Amino acid sequence: MKPPILAIVMSTVISGTIMVLISSHWLTIWIGFEMNMLAIIPILMKKFNPRAMEASTKYFLTQATASMLLMLGIIINLLLTGQWTVLNMPNPIASNMMTAALAMKLGLSPFHFWVPEVTQGVPMSSGMILLTWQKIAPLSILYQIAPSMNPNLLMAMAIMSVLVGGWGGLNQTQLRKILAYSSIAHMGWMVAVTTYNPTLMLLNLTIYITMTLGTFMLFMLNSSTTTLSLSHTWNKLPLIASLILMTMLSLGGLPPLSGFIPKWMIIHELTKNDMAIMATFMAMTALLNLYFYMRLTYATALTMFPSTNIMKMKWQFESTKNTTLLPPLIMISTMLLPLTPMVLTLF
């Protein structure tokens, strides 16, 4: 894609999301979602091939259905209340419809089927945008309408998402699919705490985005798309191999790393609200995620595959990819745990 066209498309994606974030009127929110959806499709089809075409079509159909449901919910709400404001939603039918639409946009279970397929079909950079930036707008609406939503429906979706995110990633060898299932599980954690403490959802989203960005950038630096290509990293870039190990374990939520903060806080919040069984169940399903991250780290950094280079001199070409953002992202996604009190005061 030519740089000017990419700049126009990216600015439309960004302005669509910003429009959703700053609006308090349902129509402008809906228009923001549409702008965002139509502009992201050329980004998904950046490397034009049949797989990218198929992935983009799946994405478009799912998001268009979600937009239609959202508009239906908005119209029902308008007919009953006579106003377009976001904060006034007394009707449960409208509320449930909007919840379903936002769940479809986020890829929450049972509307999760498009996420692994679309992420696998598009290039790494497009997948990165899809799993990070595209989550901001629907979650901001979820944050605003949280008080009027059905907590039982949200909890059911959260449990299913955490389960699907754990089980789905177990037999995968494709890195993009693994990150897609990880995204479904993280969305489940965010939605579980929405009814009790929506601000914790924002904390989880922020940390999730930094961890996912860092992981995708490491994979892109390495040009890895499968576990096999990732397993040759130690031979080429030993430092990158150890960084992948750290970010993977952080994504899994292992205690000394940043990924543990949101899980810890969400379990604490659920326990405070007499949801100890739910918290225990979610903590147990998080072990499934941790297992497939451990498998990746084992393949990447803890095993030594037969070396292809006998010579000790450096034989690879130096990577020309820009890594300016990588050090801060890796630091935030691994070393934030000691700053938890400060993070909590910010959120």
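In every chain, residue numbers begin from 1 and rise along the written sequence. With pLDDT at 70 or above as the cut-off, local features in this predicted model cover only qualifying residues; side-chain atom pairs require 80 or more to be listed or tallied, and sums for whole chains, interfaces and linings still use all residues. The side-chain quantities take in all heavy atoms of the structure and omit both hydrogens and water.

Going by an unreviewed UniProt entry, the protein carries the name NADH-ubiquinone oxidoreductase chain 2 and comes from Martes zibellina. UniProt positions are given in the numbering used here, feature names are shortened, and annotations may be inferred rather than shown by experiment. According to the UniProt record, the Subcellular location (unreviewed entry) comment for the protein reads "Mitochondrion inner membrane". For the protein, the Catalytic activity (unreviewed entry) comment in UniProt is given as "a ubiquinone + NADH + 5 H(+)(in) = a ubiquinol + NAD(+) + 4 H(+)(out)".

Chemist: What is the right way to look at the overall build of the protein in this model?
Modeler: The number of helices and strands found in the protein is 17 helices and zero strands. C-alpha atoms define the radius of gyration, and 2.2 Å times the number of residues to the power 0.38 defines the globule rule. Taking 347 residues into account, the globule formula puts the C-alpha radius of gyration at 20 Å, and the protein, at 20 Å, falls close to it. A principal-axis box enclosing the C-alpha atoms of the protein has dimensions of 75 × 50 × 35 Å. For every residue, the accessible area obtained with a 1.4 Å probe (protein chains only) is divided by the maximum for its type, and the residue is called buried under 20%, exposed over 50%, and partly exposed between those limits. Counting across all 347 residues of the protein, residues that qualify as buried make up 53%. Contacts: residue pairs with any heavy atoms within 4.5 Å of one another. Pairs at least 24 residues apart make up 76% of the contacts formed inside the protein by residues separated by at least 6 positions. Accessible areas in this description were obtained via Shrake-Rupley with a 1.4 Å probe; residue shielding takes into account the shown protein chains only. Only carbon and sulfur atoms are counted for the fraction: they give 74% of the accessible area of the protein, which is about 15500 Å². Positive and negative side-chain charges of the protein, numbering 16 and 6 respectively, have mean locations separated by a distance of 12 Å. We count a stretch as a helix when DSSP gives it H or I for four or more residues in a row; a strand needs E for two or more, and each element gets its number in order from the N terminus. This count recognises Lys and Arg as positive and Asp and Glu as negative, with His and chain-terminal groups excluded. Every charge is mapped to an atom, namely NZ of Lys, CZ of Arg, CG of Asp or CD of Glu.

Chemist: Please explain unusual backbone geometry as it appears in this structure.
Modeler: Comment: phi is negative for the bulk of residues other than glycine, and the bulk of peptide bonds are trans. A cis amide bond, omega 5 degrees, links S109 with the succeeding residue P110. A positive phi is found at S223, a non-glycine position, where the angle reads about 55 degrees. By secondary structure assignment, the location of S223 is in the loop between α10 (198-222) and α11 (227-230). Its identity is not glycine, yet D274 carries a phi of approximately 60 degrees, on the positive side. Tracing the chain through its elements places D274 in the loop between α14 (260-272) and α15 (276-302).

Chemist: Quick question: what am I supposed to make of the packing of aromatic side chains here?
Modeler: What describes a pair of aromatic rings is the distance from one ring centre to the other and the angle between the planes of the rings. Between 30 and 60 degrees the pair is tilted, below 30 it is stacked and above 60 it is edge-to-face, where a pair is any two Phe, Tyr or Trp rings, Trp via its six-membered ring, whose centres lie within 6.5 Å. One pass over the structure, following the stated rule, counts three aromatic pairs. Between F260 and W264 the ring centres are 5.8 Å apart and the planes differ by 10 degrees, which places this aromatic pair in the stacked class. One end of the pair is F260 and the other is W264, both in helix α14 and four residues apart, which spans about a single turn. Under the relative-accessibility criterion, F260 is labelled partly exposed at 23%. Ring geometry for F292 and Y293: centres 5.0 Å apart, planes at 55 degrees, overall tilted.

Chemist: What am I meant to see in the side chain of N36 here?
Modeler: Inspection of the secondary structure puts N36 in helix α2 (residues 26-44). Judged by relative accessible area, which is 6%, N36 ranks as buried. Setting aside chain neighbours within four positions, we find N36 in contact with V13, G16, T17, W133 and Q134.

Chemist: I keep staring at the UniProt feature "domain: NADH:quinone oxidoreductase/Mrp antiporter transmembrane" (unreviewed entry) in the protein and nothing clicks. Help me out?
Modeler: Feature annotation in UniProt assigns "domain: NADH:quinone oxidoreductase/Mrp antiporter transmembrane" (unreviewed entry) to the following positions: residues 23-287. The span residues 23-287 carries 77% helix and 0% strand; its end-to-end C-alpha distance comes to 39 Å.

Chemist: Where do I start with the environment of S15 in this structure?
Modeler: Structurally, S15 can be placed in helix α1 (residues 3-22). When the C-alpha positions of S15 and G107 are compared, they lie 22 Å apart, and in sequence the two are 92 residues distant. Polar side-chain contacts of S15 include one of 3.1 Å to the backbone oxygen of T12. Nitrogen and oxygen atoms within 3.5 Å of one another constitute a polar contact, given that in protein one can donate a hydrogen and the other can accept it, and given that sequence-neighbouring residues count only through two side-chain atoms.

Chemist: I tried to follow the environment of Y196 on my own but got confused; where do I start?
Modeler: The residue Y196 is located in the loop between α9 (175-194) and α10 in this model. With a relative accessible area of 28%, Y196 lands in the partly exposed category. C-alpha separation for the pair Y196 and L270, spaced 74 residues apart in sequence, amounts to 7.6 Å.

Chemist: Explanation requested: the pattern of salt bridges in the structure shown.
Modeler: Note on pairing: side chains with opposite charge can pair once their charged atoms come close. Salt bridges are identified by distance alone: a Lys or Arg side-chain nitrogen within 4 Å of an Asp or Glu carboxyl oxygen. Applying the stated rule across the entire model yields four salt bridges. Notably, a salt bridge pairs E54 with K58, separated by 2.9 Å at the nearest N-O pair. Remark: K58 and E54 occur in helix α3 (residues 50-81); sequence separation between them is four residues, near one turn of the helix. Taking the relative accessible area as the measure of exposure, E54 reaches 43% and is therefore partly exposed. Note that E117 is salt-bridged to K177, the shortest N-O span being 3.8 Å. With E117 in helix α5 (residues 114-121) and K177 in helix α9, this pair connects stretches of sequence that are 60 residues apart. Note on E117: relative accessible area 35%, which makes it partly exposed. Here the salt bridges do not stand alone but share partners, grouping E54, K58, E117 and K177 into one network.

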